[in-house]
Amino acid sequence: MELVDAFDTAYDEFDRRVHQVGDGQWQDGTPCTEWSVRDLVNHLVGEHLWAPFLLRGATLAEVGDRFEGDVVGDDPVAAWERAGAESRAAFHRPGALDGEVETSGGPTPAAEYAQQMISDLAIHAWDLARGIGADERLDEALVGHVAGYLAPRISSWRSAGVYGEEVRVGADADPQSRLLAATGRRP
């Protein structure tokens, strides 16, 4: 799966779930135990507000704290639509994935940053689906893409607190269940 195609597929998976959140579900829990549905969407909105700036070469200091706290306001769906559309356009800009971006981990190849965003979108699409009781099945090619990307990184990301301890699944578990279990989720 090509990088931009993976981004678009992951984006669509998350976007579909955001549009399925019912009015009374924003405070419901998610597999990310510290986050409600609203908190989870707020996290992704914040991440996607940053993307256009970083992909244009802005530094963390230049962006500052403008995207901290509540970035979804009274209309989380509209906030997601705006942030997501600008982020998607930024990832599609010719040459956007050729350079580096500044992240909290230091200078990062833009393609690596895209992989991180793809993983975030995909895993959190499942979290959101679970939180709202929607269809949890993710695109199979996307699952393979994210699993392949995370495989050599998952241990260090667990150590950094990005993911919880791996959950045991049976030998016959499907690829999506294995991916989710690797990130500390109970499929």
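It is worth spelling out the overall build of the protein at this point. When helices and strands are counted, the protein shows eight helices and two strands. Helices and strands in the protein line up, N terminus first, as α-α-α-α-β-β-α-α-α-α. Rg of the C-alpha trace for the protein: 16 Å, near the compact-globule value of 16 Å for 187 residues, within the 12% margin. Overall, the C-alpha framework of the protein stretches about 45 × 40 × 30 Å when taken along its three principal axes. Intrachain contacts of the protein at a sequence separation of at least 6 include 68% that bridge at least 24 residues. For the protein, the exposed area adds up to about 9,100 Å²; of that, 47% sits on carbon and sulfur atoms. A distance of 4 Å separates the average location of the 16 positive side-chain charges in the protein from that of its 33 negative side-chain charges.

The next thing to look at is helix H5 (residues 110-132). Residues separated by three or four positions in an α-helix point in the same direction, a consequence of the helix having 3.6 residues per turn. Under the 1.5 Å per step criterion, the end-to-end length of H5 is 32 Å for 23 residues, consistent within 8% with the ideal 33 Å. Most of H5 is tucked away: 20 of the 23 residues are buried. One or two positions beyond H5, positive phi appears at Gly133, with a value near 75°.

Turning to the pairing of strand E1 (residues 100-103), a few remarks are in order. Across the two faces of E1 the burial differs, with Val101 and Thr103 buried and Glu100 and Glu102 not buried at all. Bridge count for E1 against strand E2 (residues 106-109) is four bridges, and the pairing is antiparallel. Each bridged residue has a counterpart across the sheet, and for Val101 the counterpart in E2 is Thr108.

Moving on: the environment of Gly131. Tracing the chain through its elements places Gly131 in helix H5. Sequence separation between Gly131 and Trp35 is 96 residues, and the spatial gap between their C-alpha atoms is 10.0 Å. When neighbours within four sequence positions are excluded, Gly131 is seen to be in contact with Asp28, Gly29, Thr30, Pro31 and Val37.

What follows deals with the packing of aromatic side chains. Where two aromatic rings form a pair, the distance of their centres and the angle of their planes describe that pair. A complete count under the given rule lists nine aromatic pairs for this structure. Plain terms: the ring middles of Phe14 and Trp80 are 5.0 Å apart, the flat faces sit at 75° to each other, and that makes the pair edge-to-face. Residue Phe14 is located in helix H1 (residues 3-18), and its partner Trp80 is located in helix H4 (residues 76-92); the two are separated by 66 residues in the primary sequence. Through a chain of ring-to-ring contacts, three or more aromatic side chains come together here, namely Phe7, Tyr11, Phe14, Trp80, Phe91 and Tyr113. Positioned above the aromatic ring of Phe53, the side-chain terminus of Arg56 is 5.0 Å from the ring centre.

Scoring rules and cut-offs
- Residues numbered from 1 in each chain as written.
- Predicted model: local features only at pLDDT ≥ 70, side-chain atom pairs only at ≥ 80, totals over all residues.
- Heavy atoms only, no water.
- Helix = DSSP H or I, 4+ residues; strand = E, 2+ residues; numbered from the N terminus.
- Rg over C-alpha atoms; globule rule 2.2 N^0.38 Å.
- Contact = heavy atoms within 4.5 Å.
- Areas by Shrake-Rupley, 256 points an atom, 1.4 Å probe, with all protein chains shown as cover.
- Lys, Arg positive; Asp, Glu negative; His and termini not counted.
- Charge placed at Lys NZ, Arg CZ, Asp CG, Glu CD.
- Expected span 1.5 Å × (residues − 1).
- Buried < 20%, exposed > 50% of the residue type's maximum accessible area, 1.4 Å probe, protein only.
- Pairing = 2+ DSSP bridges.
- Phe/Tyr/Trp six-rings, centres within 6.5 Å; stacked < 30°, edge-to-face > 60°.
- Lys NZ or Arg CZ within 6 Å of the ring centre and 35° of its normal.

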